[in-house]
Structures are given as C-alpha cells and as structure tokens.
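Structural overview for review
For reference, the chains in residue letters:
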Amino acid sequence: MANPNIVSVTSIKGESLGYNLTSTTTTTLLTVSADKILKVNRITAANVDGSSAADLSLSVVKANFTPDGVANFDASGTFFLAKTISVPADSTLEVLGQGSAIYLMEGDVLKGGANAASDLDLVISYESIDDA
C-alpha cells in the first residue's frame, strides 16, 4: 500500500455519504480505492427511532502499510471510533467533527452498524484526495 503524497495531488473532491445502519456492526460502509486518501471531516449519527435509544459501533480496518515518520506502529488491525455508544431516541451524536478529522489510507475499510436495524442514520462528510 502506498501512502499518497497529499502535496502533489491531482484532485480534491468534497463528498458526503449517507447510510441507514443495519444490526450487523461489521457491515462494510466504505473501502478506500487505490491512489486515494480520504480526509474524514465529520461523522454524524442520528437516531430516527422516536422511542428507543440505539447503540452505534464504528471501526476502521487498517490496510497494511508503512506510515511515514513513525516507529513502533500497528499498521493493520481493527480499531474502533465508537463502540456501543448509546444514541438516545430522536437525537444526534457527532462521532467526528472538523476539529478531529482522520485520514483513511488506500485499502482501509470503514465498518459499522447499530444494535437495532434502521434506527440509526449515519452521514459521513469527507474529502477524496487523488494523487494518480
């Protein structure tokens, strides 16, 4: 896996995706394509159930790559952004905000779900950075 150089890019595109989460917490939500890096700016979960709380789990499965300028790292594995976080009925949870953006490298996979199918809507806002 290459670590794309974000200084010499060919394009940066702002995008958003929406999901109605299933009750399978390991559902693949997105996989980062080759020659891309995603800067995830915001992840918001909204509980659309009017009477019951729902638990959110989100994880990143890291592709095996060599980070630049870091020693003693875990380059592959599953790492949670949220683990069974309760979202009350008719409310919204900001999982990531602009001040806590993360990068997903090519080959990384974002997975997630809820403890109750169709209770949580997820919106992800990101920049797709291309170095090809």
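For the structure itself, consult the block above.
Residues numbered from 1 in each chain as written. Predicted model: local features only at pLDDT ≥ 70, side-chain atom pairs only at ≥ 80, totals over all residues. Heavy atoms only, no water.

1. Regarding the overall build of the protein
Secondary structure summary: the protein contains zero helices and nine strands in total. In the protein, the succession of α and β elements from N to C terminus is β-β-β-β-β-β-β-β-β. The C-alpha radius of gyration of the protein comes to 15 Å, within 12% of the 14 Å expected for a compact globule of 132 residues. A principal-axis box enclosing the C-alpha atoms of the protein has dimensions of 50 × 30 × 25 Å. Per-residue burial for the protein yields a buried fraction of 36% across its 132 residues. Considering only contacts within the protein whose residues lie at least 6 apart along the sequence, 86% involve residues at least 24 apart. For the protein, the computed accessible surface area is about 6,700 Å², with 50% contributed by carbon and sulfur atoms. In the protein, the 7 positive side-chain charges and the 15 negative ones have mean positions that sit 3 Å from each other. (Helix = DSSP H or I, 4+ residues; strand = E, 2+ residues; numbered from the N terminus. Rg over C-alpha atoms; globule rule 2.2 N^0.38 Å. Buried < 20%, exposed > 50% of the residue type's maximum accessible area, 1.4 Å probe, protein only. Contact = heavy atoms within 4.5 Å. Areas by Shrake-Rupley, 256 points an atom, 1.4 Å probe, with all protein chains shown as cover. Lys, Arg positive; Asp, Glu negative; His and termini not counted. Charge placed at Lys NZ, Arg CZ, Asp CG, Glu CD.)

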